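This is what each chain is made of:
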Amino acid sequence: MTDRYCVIGNPIAHSKSPRIHGQYAAELGEDIQYEQCLAPLDGFAATVARLVSEGYKGANVTVPFKLEAARLATRLTARAQAAGAVNTLVFDGDGIVGDNTDGVGLVADIVRNAGVSLTDKRVLLLGAGGAARGALLPLLDAGPRQIVIANRTLATAEALVAEFADHAARLAVSGFADVEGPFDVIINATSASLDAAVPPVPASVFGPDTLALDMMYGNKPTVFMDFAAGHGAAVRDGLGMLVEQAAEAFALWRGKRPGTAHVLASMRQSQ
Ligand code: ATR
């Protein structure tokens, strides 16, 4: 019987996940069905219960349900626990496992797709909300010398760092205006791009070899990417991260890791 999966969100119509997982399944010859699942805003738990009862094997979770998914899961992986959010559920017949593949997807995109090592590097993480939290442990695991977390609300960044006390020696907090660059890698994990706003960091954060990545993506570069490119940085959007987090979820469900390069290339073409 064909194993069924879906991505749960609200809204969900524009999700690229069915296409990405469809390509992975075709490449690896896996007989799966992957669809979109619109959950009512007050109906996430009921939707998951229905999927489990209908025999689905797992689901991805997107906006606005990632925090609720972490609460609903009966077991959390270490990285989901650190993130406080879940983007991948596994229905293994013995409960609901919650994982978070967003952060490893981000690191894979930087290291493998962009070819930029994070080992011993200085990283600037802009933002201290859910997206930044999800990225922090996988970023630390990649071995940077320091991660500076800069946020509009300093107290939120301080609270985030306090949760990662084991890594305090490599973490620092800053406001946007007083960040001291340059950085090797800059990650925009704020939602500012949605408002066409740029976190007001000084131009000195960019050096000649800086990679600047915005977790957002769209059919044109974000304002942050334009700002970074204008100061000489190499830029990336969040499409690679999307493709990589999906590959990690696919591997979790199917025990086989798909290649990502051709999927990323085809998504870019149709962007
Ligand atoms: P997400 O899940 O996308 O991370 P979130 O948890 O609401 O969403 O966090 C949004 C992040 O973007 C926060 O770091 C927020 O800064 P504050 O903590 O000061 O609210 C940041 N953010 C949102 N809009 C922004 C803007 N216009 N300029 C700078 N930072 C912004």
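Located above this text is the structure these notes cover.
So, here's what we can say about the structure. Since we're looking at a predicted model, the values are computed, not measured. (Residues numbered from 1 in each chain as written. Predicted model: local features only at pLDDT ≥ 70, side-chain atom pairs only at ≥ 80, totals over all residues. Heavy atoms only, no water.)

### So, the pattern of salt bridges
Keep this limit in mind: The term salt bridge refers to a pairing of a side-chain nitrogen on Lys or Arg with a carboxyl oxygen on Asp or Glu at a separation within 4 Å. Each helix corresponds to a stretch of at least 4 residues labelled H or I by DSSP, and each strand to a stretch of at least 2 residues labelled E; elements are numbered beginning at the N terminus. Relative accessibility decides the category of a residue: with a 1.4 Å probe and only protein chains considered, values under 20% of the type maximum give buried, values over 50% give exposed, and everything between is partly exposed.
According to the stated counting rule, one finds 15 salt bridges in the structure shown. Glu-35 is the salt-bridge partner of Arg-4, the closest N and O atoms lying 3.5 Å from each other. Of the two residues, Arg-4 sits in strand β1 (residues 3–9) while Glu-35 sits in strand β2 (residues 32–38), which places them 31 residues apart along the sequence. A relative accessible area of 27% places Arg-4 in the partly exposed class. Measuring nitrogen to oxygen at the nearest pair gives 3.8 Å for the salt bridge that ties Asp-120 to Arg-145. Here Asp-120, found in the loop between α5 (102–113) and β7 (122–126), pairs with Arg-145, found in the loop between α6 (130–141) and β8 (146–150); they are 25 residues apart in sequence, far enough to count as distant. Classification of Asp-120 by relative accessible area gives partly exposed; the value is 49%. Shared partners join several salt bridges into a network, and the residues in it are Asp-3, Glu-30, Arg-254 and Lys-256.

### Quick notes on the packing of aromatic side chains
Convention followed: Aromatic pairs are defined between Phe, Tyr and Trp rings, using the six-membered ring for Trp, whenever the two ring centres lie within 6.5 Å; interplanar angles under 30 degrees are classed as stacked, those over 60 as edge-to-face, and all others as tilted. Counted as over-ring charges are cases with an Arg CZ or a Lys NZ within 6 Å of the ring centre that also lie within 35 degrees of the ring normal.
Counting across every chain of the model gives 5 aromatic pairs. Note on Phe-44 and Phe-65: the rings are 5.0 Å apart at their centroids and 20° apart in plane angle, and the pair reads as stacked. Of this pair, Phe-44 sits in helix α2 (residues 44–53) while Phe-65 sits in the loop between β3 (58–61) and α3 (66–72), and the two are 21 residues apart along the sequence. Judged by its relative accessible area of 1%, Phe-44 falls in the buried class. Three or more aromatic residues joined by ring pairs form one cluster here, namely Tyr-5, Tyr-34 and Trp-253. Positioned over the ring face of Phe-183 is Arg-122, at 4.3 Å from the centre of the ring.

### Let's talk about the packing of helix α9 (residues 239–254) against helix α10 (residues 261–269)
What counts, and what does not: Between N-to-C directions, angles cover 0 to 180 degrees, with each direction set by a line fitted to C-alpha atoms, over the stretch in contact for helices. Here the word oblique covers every angle except those under 35 degrees (roughly parallel), over 145 (roughly antiparallel) and from 65 to 115 (roughly perpendicular). A crossing counts as left-handed when the near helix is turned anticlockwise from the far one by less than a right angle, and as right-handed when that turn is clockwise. Any pair of residues with heavy atoms lying within 4.5 Å of one another is described as a contacting pair. For this classification, Asp, Glu, Lys and Arg are treated as charged, while Ala, Val, Leu, Ile, Met, Phe, Trp, Tyr, Cys and Pro are nonpolar and the rest, including Gly, are polar.
Running from N to C, α9 and α10 cross one another at 140°; their axes reach a closest spacing of 10 Å. Here α10 runs oblique to α9, going by the angle between their axes. As α9 packs across α10, the resulting crossing turns out to be right-handed. Facing α9, whose interface residues are Leu-239, Gly-240 and Val-243, α10 presents Val-263, Leu-264, Met-267 and Arg-268. Grouping the constituent residues of the contact of α9 with α10 by class yields 5 nonpolar, 1 polar and 1 charged.

### Overview of the sheet that holds strand β11 (residues 206–214)
To keep things clear, this is the line we draw: Any two strands with at least two DSSP-identified bridges between them are counted as paired.
In space, the 6 strands of this open sheet follow the order β9-β8-β7-β10-β11-β12, with parallel pairing throughout. A single partner strand is all that each edge strand has here, and the edge strands are β9 (171–174) and β12 (234–236). Each neighbouring strand pair of the sheet contributes to a mean axis angle of 20°, computed without reference to strand direction. Taken together, the 5 bridges between strand β10 (residues 183–188) and β11 define a ladder with parallel strand orientation. Looking at the pairing, Ile-187 lines up with Leu-213 of β11. Against the sheet, α6 engages β7, β8, β9 and β10, with an angle of about 170° to β8. Along the sheet face, helix α7 (residues 154–163) touches β8 and β9 and points at about 170° away from the line of β9.

### Considering unusual backbone geometry
A cis amide bond, omega 5°, links Val-63 with the succeeding residue Pro-64. With respect to the helices and strands, Pro-64 occurs in the loop between β3 and α3. Cis peptide bonds are those with omega within 30 degrees of zero, and the linkage from Gly-181 to Pro-182 qualifies with 0°. Within the element layout of this structure, Pro-182 appears in the loop between β9 and β10. Of note in the backbone geometry, Asp-120 takes a positive phi value of approximately 65° without being a glycine. With phi around 55°, Ala-196 is a residue other than glycine that occupies positive phi space. Following the sequence through the fold, Ala-196 ends up in the loop between β10 and β11.

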